[in-house]
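Structural overview for review
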Amino acid sequence: MSNHRLGFLCRSVVLLTAFVLPFSSFSTDKSQLLDWTELPAIPDPHGFNGVFTGVSADVLIVAGGANFPGDPVWEGGDKQWYDNIFVLEKGSDSWISNETNKLPQPIGYGVSIQTDEGIICIGGNNAQGVSQDVFLMRWNAEGRKVEFEQLPSLPVPLYAMSGDVVDDVIYLVGGHERNGGPATRNFLALDLANRGEGWAWEKKEDFPGEPRIMPVVVGQNDGKVNRLFVFSGRDYDPGKKRPHKLHSDGYSFNPHNGTWNKLTDVPANGTPGIEGGFVGAAPAIQYGGSHILIFGGAGGANQPLYERMDVNDEIKRLEGKLQNPVNSETDSGIDARLDSLYTRQKTLVQKTSFSTKILSYHTITDTWVDMGSYTDKAQVVTKAVTWNDEVVIPMGEIAPGVRTTRVLKGTFRPFDNNFGWLNYTTLACYLALIVGIGLYYSRKNNSTNDFFLGGNRIPWWAAGMSIYATMLSAITYLSQPALAFAFDWQVYLGYFTILAIAPFVVMFYIPYFRKLNITTAYEYLEARFDLTLRMFGSLSFVLFQLARMGIVVYLPALALSTVMGMDIFLAIIIMGILSIVYTVMGGIEAVIWTDVLQVVVLILGLVIGLVYITFELGGDLSHIYEVAMANNKLALVDLRFSWTEVVTWSLLLGSFALNIAPYTTDQTIVQRYMTTKSEKESAKSMWISAWMAIPAGVLIFSMGTFLFVYFKENPELLVVGMETDRIFPLFIANQLPAGIAGLVIAGIFSASMSSLDSSMHSVSTVVTVDFYKRFNEGYTEQGAFAIAKRTTVIIGVLGTLVACLMALYPVQSLFFLFQEILGLAGSSLAGVFILGVFVKRANAIGALVGAVSCIVILAYFKYNTNINFYIYPLIGIPSCVLIGYLTSIFSNQKPKEI
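Note that this is a predicted model, so its numbers are computed, not measured.

1. Focus: the overall build of the protein
Along the backbone of the protein there are 20 helices and 31 strands. Looking at the protein as a whole, 60% of its 898 residues are labelled buried. Looking at the protein alone, contacts between residues at least 24 apart form 71% of all its contacts between residues at least 6 apart. Counting only carbon and sulfur atoms, one obtains 57% of the accessible surface of the protein, whose full area is about 34,300 Å².

2. As for the sheet that holds strand β26 (residues 367–373)
Taken in spatial order, the four strands line up as β23-β24-β25-β26 in an open sheet, and their pairing is antiparallel. The two strands at the open ends of the sheet, each matched to only one other strand, are β23 (284–287) and β26. The mean inter-strand angle of the sheet, taken between neighbouring strand axes irrespective of direction, is 25°. In terms of strand pairing, strand β25 (residues 355–362) meets β26 through five bridges, oriented antiparallel. Of the residues in β26, the one forming a bridge with Y361 is W368.

3. Topic: the pairing of strand β18 (residues 226–231)
It is a general feature of regular strands that their side chains alternate between the two faces of the sheet. Of all six residues in β18, five are buried; the element is thus mostly enclosed. Across six bridges, strand β17 (residues 216–221) lies against β18 in antiparallel orientation. Its bridge partner lying in β18, V217 is registered against V230. Here β17 hands over to β18 after four residues, with G223 in that stretch at a positive phi of 95°. Here β18 runs beside strand β21 (residues 250–254); their pairing, made up of four bridges, is antiparallel. In the sheet register, F229 faces β21, and the bridge partner there is S252.

4. Here's the deal with helix α16 (residues 740–775)
Compared with an ideal rise of 1.5 Å per residue, which puts 36 residues at 52 Å, α16 spans 51 Å between its outermost C-alpha atoms and is within 8% of the ideal. With 29 of its 36 residues buried, α16 lies for the most part within the structure.

5. What to know about the state of the cysteines
This model, assessed by the stated rule, comprises zero disulfides. Of the cysteine sulfurs around C880, a residue in no disulfide, the closest is that of C854, at 5.4 Å.

6. Things to note about a nonpolar patch on the surface
A contiguous nonpolar surface patch, about 400 Å² in accessible area, is contributed by V793, I794, V797, L798 and L801. With respect to the helices and strands, I794 occurs in helix α17 (residues 781–808).

7. Observations concerning the packing of aromatic side chains
Under the definition given, this model contains 41 aromatic pairs. The structure contains a cluster of three or more aromatic residues connected by ring pairs, namely F504, F508, Y509, F513, Y522, Y524, F541, F833 and F838. Directly above the ring of Y251 sits K262, whose terminal nitrogen or CZ lies 5.4 Å from the centroid. Sitting over the ring of F708, K633 keeps its end group 4.7 Å from the ring centre.

8. Quick look at the side chain of T404
Within the secondary structure layout, T404 lies in the loop between β30 (402–403) and β31 (407–412). A residue is classified by how much of its surface remains accessible, and T404, at 12% relative accessible area, is buried. Among the polar contacts listed, one links the side chain of T404 to the backbone nitrogen of R406, at a separation of 3.1 Å. Not counting residues up to four positions away in its chain, the partners in contact with T404 are H46, G47, F48, Q379, M395, G396 and I398.

9. A look at the pattern of salt bridges
On inspection of all chains with the given rule, the structure shows 19 salt bridges. With a closest N to O distance of 3.8 Å, K102 and D83 form a salt bridge. With a gap of 19 residues between them, K102 in the loop between β6 (85–89) and β7 (111–114) and D83 in the loop between β5 (80–81) and β6 connect regions that are remote in the sequence. Overall, the relative accessible area of 23% leaves K102 in the partly exposed class.

10. A short note on the environment of F485
Along the chain, F485 falls in helix α6 (residues 460–486). C-alpha of F485 to C-alpha of F711: the two residues are 226 residues apart in sequence and 9.6 Å apart in space. Setting aside residues up to four positions removed in sequence, F485 forms contacts with H362, I364, T365, K633, G704, L707, F708, F711, T724 and I727.

11. Some words on the confidence of the model for the protein
Mean pLDDT over the protein stands at 82; residues scoring 70 or higher make up 87%. Per-residue pLDDT stays below 50 along residues 1–30; that stretch engages in 48 contacts with residues further than four places along the chain or on separate chains.

12. What about the packing of helix α10 (residues 568–616) against α17?
Here α10 crosses α17 at 165°, and the two axes come no closer than 9 Å. Between α10 and α17, the angle is such that the two are roughly antiparallel. The interaxial crossing formed by α10 with α17 has right-handed handedness. Between α10 and α17, the contacting residues are I568, F569, I572, I573, G576, I580, T583 and V584 on the first element and K789, T792, V793, G796, V797, T800, A803, C804, A807 and L808 on the second. Residue classes in the contact of α10 with α17 are distributed as twelve nonpolar, five polar and one charged.

What counts as what
Residues numbered from 1 in each chain as written. Predicted model: local features only at pLDDT ≥ 70, side-chain atom pairs only at ≥ 80, totals over all residues. Heavy atoms only, no water. Helix = DSSP H or I, 4+ residues; strand = E, 2+ residues; numbered from the N terminus. Buried < 20%, exposed > 50% of the residue type's maximum accessible area, 1.4 Å probe, protein only. Contact = heavy atoms within 4.5 Å. Areas by Shrake-Rupley, 256 points an atom, 1.4 Å probe, with all protein chains shown as cover. Pairing = 2+ DSSP bridges. Axes fitted to C-alpha atoms, helices over the stretch in contact; angles between N-to-C directions. Expected span 1.5 Å × (residues − 1). Disulfide = S-S within 2.5 Å. Patch = residues over 30% accessible without salt bridge, like charges linked within 9 Å, V, L, I, M, F, W, Y side chains within 5 Å. Salt bridge = Lys/Arg side-chain N within 4 Å of Asp/Glu carboxyl O. Phe/Tyr/Trp six-rings, centres within 6.5 Å; stacked < 30°, edge-to-face > 60°. Lys NZ or Arg CZ within 6 Å of the ring centre and 35° of its normal. Polar contact = N/O pair within 3.5 Å; in protein donor to acceptor, adjacent residues only side chain to side chain. pLDDT = per-residue confidence, 0-100. Parallel < 35°, antiparallel > 145°, perpendicular 65-115°, else oblique. Left-handed = near helix turned anticlockwise from the far one by under 90°. Nonpolar A, V, L, I, M, F, W, Y, C, P; charged D, E, K, R; others polar.

Right under this line is the structure:
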């Protein structure tokens, strides 16, 4: 190795270490999930609870509510309701409140739902009764006033209920239908997406639990679908001897099939009288991909709730007797008993304290974790809202009958993890090795044949491992364990479709590509059809790869930002720069041999992780199996028929169709067929990549299942608010031994760069061969070589920028997003190749019409139906082939002969 190359390698290691090492982090303290400060207090001497609150046009609005402005409630004070509206602009130190901004009437104890249009205020009550009104409250920034819009009224009057929105549908649970009336099991819904004539609330089948008021109701994803989660709440029935009952149970509602599931009870928090915990009237929010945070609640340690409620009810009963005296009981006797009860009531109130705990609920593992306290005095009967990624809890009740003017603001502390110097060193050395491979193979890159095809000197087994690595990518390595963690094993069946595709590739496609001696797959389209189809194929491939590069770089960068505390954009840029460097230097040989190294490291990481979890859970594989089975995590088939959900028939057929495109039309794969010395070796490379997928898939999905059991039994180790796709790297960084964790994280880095370098190199090949060479009459090998390297750099930069854009717009599951893009983008190209290879009468006009028709048809299904993405290629590919065939028959163009 020359001195300047050695110097470059050393500088790369130093620069990489300098970039990465400063991002070691402070340790995570679960009791300090948020940093709490106070916003300006509400300009009212008493404060309110039961308010409508939310954010509209980036201002915080608090409206309505009630308090006891005179004597405390236990001294006979009267409750008063208000129509005040308070508005706080970002960064302001005072609230806007005037006579112009008023609610339609004094009201409180309704539900407020924050939407993009404004705050939807639902129901509520006042001294005159219970409301059925529903209205939208929005802030007019120009007029500096609150505007209202009437929405469909409730089918029944309701207050003290709770609600949230799931997939554009508002759901309400429980509540009172009349002042002082019994709690209900009401379950109501309003679809915000289906406005128009007849738009109204739907009174659904009653909530399955016991009647309740003020439960915690939050919409959140359970790893599969968005659900409505309902916890705790209090029953009240004045007709019973003991009218109050505290609930600790929990349920979730699946809007897709209309079913309820029973959940683990809220954990005990010291409230006497109930086995579980009581978090009724607590502020709560969804946080991250699968967590719900509940801030305190009306329950609390050493709180004599039942006795206090019973005393209150007895006081009301005796006060009623004074107004309607009973002959058998004198007024003086009632007065004496009331005096005693008033004294007892004051004592109980002084003892009462609301819970200040933050409870975290994880929707996938159905587990609870105590996250410590959030304040000195809990605020209940109010709502928590998110305002620019911060939690705001305005006012509320801090003791029975006592309101506060305080407005709390909680800022989430970023997750930081001490990755450790040994892990950083391992990572830096590994990445330096990757760059070194590029430097080594740069000596052999003397022509475009060397740069594009490695001089046809790649062994079949290395080409096969490279094909597997290209199809594996970081998407598979990180997202599929997350799928098994959140879902089950159904997606694993898709691996077997690769074996079904392999014979077709070996028998029909590889012989075409090898005998035509092509460099790009799209040269075949010109030979079989015409130049237009070649350009269509090349441009489709380039555009698809730009999107693919963004996804396969963004996901591991997301993982690294979780486990290392590294800024996600910095992680993306580092991977982009390193990939560009070694791909430009080493060409396809560097790409393939780094792929081989990546596969070894990633498989080793899975094995080590599975062994570690097994020993951490007591070395009992049968226990892991039993827990997984009990939670339906090992399901392989779903024999239902559904167009909208991923079920077995659509998954198998769809996976087969999805995989046809990359194995037969994708330049990143086809190019590897051409790097071996013969057709026979190309076939062997295809077979080894197909067979590798089956056992590797077992390891990948086993990891997801093992992670589910591990975190279900150790929920405190989960990072609150994390996205589900980060579960595997979180485990790697936090649980695997130092050094080993660094190596596996390096493998994730490498997996991402492997996919990026494959796309960069293949796009460079397409641009050079299909555009520069095809249209440049002054083409020279030297000029093409320079164009190839420059194009590699440009495409690498563009792919890195796309990944940065995706970091700004995260999605729930990157694996499913990638499958959706593959189904939409790859179907037309797969159909064109099928026409070319299998349909003799297919001509250029037919193939082009078929391809365009496929795109139009899939666009229609994408934007006008709810079918799942596995069905896209099942519609797209046959559409392309059938329309292309029929158009060819009715056109006058003669098919080209090869």
